[in-house]
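# Architecture and fold: a report
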Amino acid sequence: MGKKITNSLPWIAVALVTFATYGASIGMASTLLTPWWIPAASAVALAVAAGWWISPLWGKITGSSSKLVNGVCNAAIGTGILLAALLGINYAGGGEPAVEKVPVVSSYTTTEHHTRRLRRGVYVKGSAYTQYHVKLKLPGDKVKSIVVSRERYNKLRRTRRAEVELHRGLLGMDYFTIR
């Protein structure tokens, strides 16, 4: 294995972990009843605070001895890891969910397009597809828009009421799941 490939493996691993943790965090935060910025601010604060102690470890990956460079790397990547961990711990707890019927405020569709590669460096608009959205009025006058399947969209459009499970998170951040 060449020197260049060996040096890039830690960066590839860090990039994969970063994308996976931020993606998981976005997915979990979409069903929170708590404002999204509360767990995000907590994760940022923890990552920045831990950055000064962990920055020497980042020096092995970045190749820099600068605490500032390593601290920024830790803050950016550590925030995603800590946010996914906080939300995962929150989702792991809780007892029996409370089931409620909530009204559907509105239902709408959006037309998106796939991206198609024409040739190297050239991408064009591909085939169209439809996404189905419903806005639910949750307890506490919170309105959440969620993406649903076509079958569920058609059912909710007819009934105008959705059955949701309200969960109490282990860290006190409530979240919902649609039945």
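Let me sum up the structure you'll find in this document. On a predicted model such as this, the values are computed, not experimentally measured, just so you know.

### Thoughts on the overall build of the protein
For the protein, the helix and strand inventory stands at four helices and five strands. By the compact-globule yardstick of 16 Å for 179 residues, the protein is too spread out, its C-alpha radius of gyration being 21 Å. Along the first, second and third principal axes, the C-alpha atoms of the protein reach 60 × 50 × 25 Å. Among the 179 residues that make up the protein, the fraction classed as buried is 30%. If you take every contact in the protein between residues at least 6 apart in sequence, the share linking residues at least 24 apart comes to 61%.

### Regarding the sheet that holds strand β5 (residues 175–178)
The strand order β3-β2-β1-β4-β5 describes an open sheet built from five strands, whose pairing is antiparallel. A single partner strand is all that each edge strand has here, and the edge strands are β3 (142–148) and β5. Across the sheet, the axes of successive neighbouring strands diverge by a mean angle of 45°, strand direction being ignored. Of the strand pairs in this sheet, strand β1 (residues 98–119) and strand β2 (residues 122–138) are connected by 13 bridges, and their pairing is antiparallel. Looking across to β2, one finds that threonine 115 is bridged to lysine 125.

### A few points about the environment of serine 106
Along the polypeptide, serine 106 turns up in strand β1. Distance from serine 106 to alanine 29, taken between C-alpha atoms, is 21 Å for residues 77 residues apart in sequence. When neighbours within four sequence positions are excluded, serine 106 is seen to be in contact with His133, Val134, Lys135 and Arg160.

### Remarks on the pattern of salt bridges
Enumeration according to the criterion identifies three salt bridges in this entry. Two residues, glutamate 163 and lysine 101, come together in a salt bridge whose shortest N-O distance is 3.5 Å. Placement of the pair is glutamate 163 in strand β4 (residues 161–167) and lysine 101 in strand β1, with a sequence separation of 62 residues. Look at glutamate 163 and you get partly exposed, because its relative accessible area is 28%.

### Details of a nonpolar patch on the surface
A contiguous nonpolar patch, built from Val44, Val48, Trp52, Trp53, Ile54 and Leu57 and spanning about 640 Å² of accessible area, is present on the exposed surface. Along the chain, valine 44 turns up in helix α2 (residues 37–62).

### Focus: the nonpolar core
Soluble globular proteins: nonpolar side chains tend toward being buried together. By size, the foremost hydrophobic cluster in this structure holds 15 residues, and its most contacted members are Val134, Leu136, Leu138, Val164 and Phe176. The set of elements that each furnish at least two residues to this core consists of β1, β2, β3, α4 (150–159) and β4. Counting residues per element, this core draws most heavily on β2, which supplies four residues. Dropping the residues within four chain positions of it, valine 164 is found in contact with Ala98, Val99, Glu100, Val102, Leu136, Leu138, Phe176, Thr177, Ile178 and Arg179. One finds Ala43, Leu83, Leu87 and Tyr175 within the second-largest nonpolar core, a separate group that totals nine residues.

### What about helix α3 (residues 67–92)?
If you check α3, its first and last C-alpha atoms are 35 Å apart, about what 26 residues at 1.5 Å a residue would give, namely 38 Å. Maximum bend of α3: about 30°, positioned at glycine 78. In the stretch just after α3, glycine 94 is the one whose phi turns positive, near 100°.

### Quick word on the packing of α2 against α3
α3 packs onto α2 with a crossing angle of 130° between their chain directions and a minimal axis gap of 5 Å. Looking at the two axes, α2 sits oblique to α3. Where α2 crosses over α3, the two elements pack in a sense that is right-handed. Of the residues that constitute the contact of α2 with α3, the class distribution is 18 nonpolar, ten polar and one charged.

What counts, and where the lines are drawn
- Residues numbered from 1 in each chain as written.
- Predicted model: local features only at pLDDT ≥ 70, side-chain atom pairs only at ≥ 80, totals over all residues.
- Heavy atoms only, no water.
- Helix = DSSP H or I, 4+ residues; strand = E, 2+ residues; numbered from the N terminus.
- Rg over C-alpha atoms; globule rule 2.2 N^0.38 Å.
- Buried < 20%, exposed > 50% of the residue type's maximum accessible area, 1.4 Å probe, protein only.
- Contact = heavy atoms within 4.5 Å.
- Pairing = 2+ DSSP bridges.
- Axes fitted to C-alpha atoms, helices over the stretch in contact; angles between N-to-C directions.
- Salt bridge = Lys/Arg side-chain N within 4 Å of Asp/Glu carboxyl O.
- Patch = residues over 30% accessible without salt bridge, like charges linked within 9 Å, V, L, I, M, F, W, Y side chains within 5 Å.
- Areas by Shrake-Rupley, 256 points an atom, 1.4 Å probe, with all protein chains shown as cover.
- Core = buried A, V, L, I, M, F, W, Y, C linked by side-chain atoms within 4.5 Å.
- Expected span 1.5 Å × (residues − 1).
- Bend = angle between axes of the 7 residues up to and from the residue.
- Parallel < 35°, antiparallel > 145°, perpendicular 65-115°, else oblique.
- Left-handed = near helix turned anticlockwise from the far one by under 90°.
- Nonpolar A, V, L, I, M, F, W, Y, C, P; charged D, E, K, R; others polar.

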